[in-house]
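Overview (structure and organization)
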Amino acid sequence: MGRMEGIWGEDCMEFKPERWFSSGGGIKHEPSYKFTAFHAGPRTCLGKEMAFIQMKMVATAIIYHYQVELVEGHNVRASDSILLQMKYGLKVRLFNSLSRSINLLDNCSRLE
């Protein structure tokens, strides 16, 4: 469901962070039934809220301290899985205020 064209539109396979922001700049809320990883209703994952808090803390720290840029030529593809994973990880380059670059490969989302 996380990559279905009928739910997310023709650009469902593209990485588009702006799809989560409303026209006023706030966070756009989507029904929990669109996210099968946490389920919905009476059997919602107990750790869902904590996972969202941790995700927001990490994303905020990275966005605040670094400029994030996708590594040129890196193949960004979703893996065929019940969980939303990157098939080849997500290689990005982080630039801090001193313009040092750090290559980062998210190995946590890779399964080989």
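Source: prediction; values computed, not measured.

1. Points about the pattern of salt bridges
As enumerated under the stated definition, the model contains two salt bridges in all. A salt bridge links aspartate 11 to lysine 16; the shortest N-O distance between them is 2.9 Å. Two residues, arginine 19 and aspartate 11, come together in a salt bridge whose shortest N-O distance is 3.6 Å. Given a relative accessible area of 18%, arginine 19 falls into the buried group. Overlapping salt bridges, with partners in common, bring together Asp11, Lys16 and Arg19 in one network.

2. Focus on the pairing of strand β2 (residues 91–95)
Residues Val92 and Leu94 line the buried face of β2, whereas the alternating positions Lys91, Arg93 and Phe95 sit on a face that is not buried. Across four bridges, the pairing between strand β1 (residues 67–70) and β2 is antiparallel. Within β2, the residue paired with leucine 70 across the bridge is valine 92.

3. Considering the side chain of arginine 19
Mapped onto the elements of the fold, arginine 19 is located in the loop between α1 (5–8) and α2 (48–65). Engagement of the side chain of arginine 19 in a polar contact is seen with the backbone oxygen of aspartate 11, the distance being 3.0 Å. Reaching out from arginine 19, the side chain makes a polar contact with the backbone oxygen of glutamate 14 at a distance of 3.1 Å. Other than its neighbours up to four places away in sequence, arginine 19 contacts Trp8, Asp11, Cys12, Glu14 and Lys28.

4. Some words on the packing of aromatic side chains
All chains considered together, the criterion is met by one aromatic pair. Each ring, one from tryptophan 8 and one from tryptophan 20, has its centre 5.4 Å from the other, and the planes form 65°; the classification is edge-to-face. With tryptophan 8 in helix α1 and tryptophan 20 in the loop between α1 and α2, the pair connects residues that are twelve residues apart, well separated along the chain. Overall, the relative accessible area of 14% leaves tryptophan 8 in the buried class.

5. A closer look at the environment of arginine 77
Along the chain, arginine 77 falls in the loop between β1 and β2. For the pair arginine 77 and lysine 87, spaced ten residues apart in sequence, the C-alpha to C-alpha distance is 5.5 Å. Residue contacts for arginine 77: discarding those within four places in its chain leaves Gln85, Met86, Lys87 and Tyr88.

6. A look at the side chain of asparagine 96
Among the structural elements, asparagine 96 can be located in the loop between β2 and β3 (101–105). Residue asparagine 96 is classed as buried on the basis of its relative accessible area of 14%. Setting aside residues up to four positions removed in sequence, asparagine 96 forms contacts with His65 and Tyr66.

7. Thoughts on the environment of methionine 13
Position of methionine 13 relative to the elements: it lies in the loop between α1 and α2. The class of methionine 13 is exposed, set by a relative accessible area of 56%.

Procedures and definitions
Residues numbered from 1 in each chain as written. Predicted model: local features only at pLDDT ≥ 70, side-chain atom pairs only at ≥ 80, totals over all residues. Heavy atoms only, no water. Salt bridge = Lys/Arg side-chain N within 4 Å of Asp/Glu carboxyl O. Buried < 20%, exposed > 50% of the residue type's maximum accessible area, 1.4 Å probe, protein only. Helix = DSSP H or I, 4+ residues; strand = E, 2+ residues; numbered from the N terminus. Pairing = 2+ DSSP bridges. Polar contact = N/O pair within 3.5 Å; in protein donor to acceptor, adjacent residues only side chain to side chain. Contact = heavy atoms within 4.5 Å. Phe/Tyr/Trp six-rings, centres within 6.5 Å; stacked < 30°, edge-to-face > 60°.

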